[in-house]
Amino acid sequence: MHVVVETWTPKPAFFAATEEARNDLFTGIQEAMKQLAEIGFVTLGWGRAEPATLSTSYEWFAVWQAPSREVADVFLNGVESSGWYTYFEQTNLVGELRPAETVIAEHLALGAEAK
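Note that the structure is predicted; figures quoted are calculated from it, not measured. Each chain has its residues counted from 1, following the order in which its sequence is written. In keeping with the predicted nature of the model, local features appear solely for residues at pLDDT of at least 70, side-chain atom pairs appear and are counted solely at 80 or more, and the whole-chain, interface and lining totals rest on all residues. With hydrogens and water stripped out, all remaining heavy atoms of the structure feed into the side-chain values.

Asks: I'm lost on the sheet that holds strand E2 (residues 42-48) in this one. Help?
Replies: Strand pairing within a sheet occurs via backbone hydrogen bonds; the two strands may be parallel or antiparallel. In this scheme, strands are said to pair when DSSP sees at least two bridges between them. Strands here are runs of E lasting at least two residues and helices are runs of H or I lasting at least four, both read from the DSSP assignment and numbered beginning at the N terminus. On the basis of which strands lie adjacent, the open sheet formed by 4 strands has the order E2-E3-E1-E4 and antiparallel pairing. Unpaired on one side and paired on the other, E2 and strand E4 (88-96) mark the two borders of the sheet. Between one strand axis and the next, the sheet turns by 15° as a mean value, whatever way the strands run. Relative to E4, strand E1 (residues 2-10) is paired through 9 bridges, and the arrangement is antiparallel. Among the inter-strand pairings, proline 10 is bridged to a residue of E4, identified as phenylalanine 88. Contacts from helix H2 (residues 19-37) reach E2, strand E3 (60-66) and E4 within the one sheet, and its direction differs from that of E2 by about 150°. Whether two residues are in contact is decided by their heavy atoms, any of which lying within 4.5 Å being enough. Axes here mean lines fitted to C-alpha atoms, for a helix over just the part in contact, with angles spanning 0 to 180 degrees between N-to-C directions. Along the sheet, helix H3 (residues 69-81) contacts E1, E3 and E4; its crossing angle with E1, the most-contacted strand, is approximately 20°.

As structure tokens, then:
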């Protein structure tokens, strides 16, 4: 299973857009979410970063679950084609969820390789 984490903050273009354009954007996003659910892409949640924990300029986030990297790529391609990046500065992170012990072992191996 893969996870997609998006973090974003609005660009001036979002604030300058008409209410209709903003509504159209999010209506399209909601429709796409329904279609993505049909191929196993799950919305885990959206949120706003708590100001006290903000260590980046990105104020908003969403976390998604994908059954494969290919489905995650379908999602990211859809985000790009939706026009989202016109309105939001964003970073994305995609990775496969694995047991903590596996990732810890990889980190310990990195330390051994550096010597």
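Asks: It is not clear to me how H3 should be interpreted in this structure. Could you clarify?
Replies: Working note: α-helix, 3.6 residues per turn, so residues spaced by three or four point in the same direction. In this scheme, a helix's expected span is set at 1.5 Å multiplied by one less than its residue total. In this model H3 runs 18 Å from its N-terminal to its C-terminal C-alpha over 13 residues, within 8% of the 18 Å that 1.5 Å per residue would give. Every buried residue of H3 is listed here: Val71, Ala72, Phe75, Leu76 and Val79. Taken around the axis of H3, the buried residues stretch over an arc of 140°, which confines them to a single face. Of the exposed residues in H3, those oriented more than 90 degrees away from the buried face are Glu70, Asn77, Glu80 and Ser81. The elements touched by buried residues of H3 are E1, H2, E3, helix H4 (84-87) and E4. Immediately downstream of H3, the backbone of glycine 83 shows phi near 90°, a positive value. When accessible area is computed with a 1.4 Å probe and restricted to protein chains, residues below 20% of their type maximum are described as buried, those above 50% as exposed, and intermediate ones as partly exposed. Of all possible arcs, the one meant is that of the directions from the helix axis to the C-beta atoms.

Asks: Whenever I open this one, the environment of threonine 91 confuses me. Can you help?
Replies: Tracing the sequence through the fold places threonine 91 in strand E4. A relative accessible area of 34% places threonine 91 in the partly exposed class. It is 17 Å that separates the C-alpha atoms of threonine 91 and arginine 69, two residues lying 22 residues apart in sequence. Those residues in contact with threonine 91 that lie beyond four places of it in its chain are Val5, Glu6, Thr7 and Tyr58.

Asks: Hey, could you run me through the pattern of salt bridges in this one?
Replies: If the charged atoms of two oppositely charged side chains come close together, the side chains can form a pair. The salt bridge criterion pairs a side-chain nitrogen of Lys or Arg with a carboxyl oxygen of Asp or Glu, the two atoms within 4 Å. Overall, the coordinates contain 4 salt bridges when judged by the stated rule. Across the pair glutamate 31 and lysine 34 runs a salt bridge whose closest N-O atoms are separated by 3.3 Å. With a gap of 3 residues between them, glutamate 31 and lysine 34 both fall in helix H2, about one helical turn apart. Between arginine 48 and glutamate 59 there is a salt bridge, with its nearest N and O atoms 3.1 Å apart. With arginine 48 in strand E2 and glutamate 59 in the loop between E2 and E3, this residue pair connects regions lying 11 residues apart in the sequence.

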